[in-house]
Amino acid sequence: MRKYIIFQAQGEDPQWRERKLQPSGSLTWTIAEHWDSSDEPLPEPGYRPPEFLKLDDSDSLGGKTHYRQSDWEVVRVEVYTPEIPTSELDAIAICYCEYAPIDAPLEPMPERQVSLDSFGGNQNAYREWLESLETAEV
């Protein structure tokens, strides 16, 4: 199921200065957005979207080295499904959030997991990538 999930500040939130788009940090009503092709359920009230941070000079995972639960908590979810079935998107979810700071621990980003699915099922591209790793190690 392909889902587009938008985390948005609800109404006139008094913590508007904390309303930053991840990963850019720009001020907006949108806190974060996620494209999700997993079979995981949509977020529900109480869910906190992840926040990604860079704590050192490494270029790990696009520059982000750590993550934690954000200070934004989902309080209401609206789900929209297309009236005309398409293969591109099954649902759009808008998760309205309130600012509720917590002291969440920072966790290091896990190692990247590359699989055949990472190449959209293209076995030739995946095999070429695996071979490029072998030649790079020599």
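Scroll up to find the structure this text is about.
Because the structure is predicted, anything quoted here is derived from the model rather than measured.

A. Looking closely at the sheet that holds strand S6 (residues 91–99). One open sheet accounts for 4 strands, arranged S2-S1-S6-S5; its pairing is mixed. Lying at the two open borders of the sheet, with one neighbouring strand each, are strand S2 (30–36) and strand S5 (72–80). Within the sheet, the average angular offset between the axes of one strand and its neighbour, ignoring direction, is 20 degrees. Pairing between S5 and S6: 8 bridges, direction antiparallel. Each residue of the ladder has a partner; that of Trp72, found in S6, is Tyr99.

B. How the structure looks around the side chain of Lys3. Within the element layout of this structure, Lys3 appears in strand S1 (residues 3–9). The class for Lys3 is buried, based on a relative accessible area of 1%. Among the polar contacts listed, one links the side chain of Lys3 to the backbone oxygen of Ser38, at a separation of 3.0 Å. The residues contacting Lys3, other than those within four sequence positions of it, are His34, Trp35, Asp36, Ser38, Asp39, Glu40, Leu42, Leu89 and Ala91.

Calculation notes
Residues numbered from 1 in each chain as written. Predicted model: local features only at pLDDT ≥ 70, side-chain atom pairs only at ≥ 80, totals over all residues. Heavy atoms only, no water. Pairing = 2+ DSSP bridges. Helix = DSSP H or I, 4+ residues; strand = E, 2+ residues; numbered from the N terminus. Axes fitted to C-alpha atoms, helices over the stretch in contact; angles between N-to-C directions. Buried < 20%, exposed > 50% of the residue type's maximum accessible area, 1.4 Å probe, protein only. Polar contact = N/O pair within 3.5 Å; in protein donor to acceptor, adjacent residues only side chain to side chain. Contact = heavy atoms within 4.5 Å.

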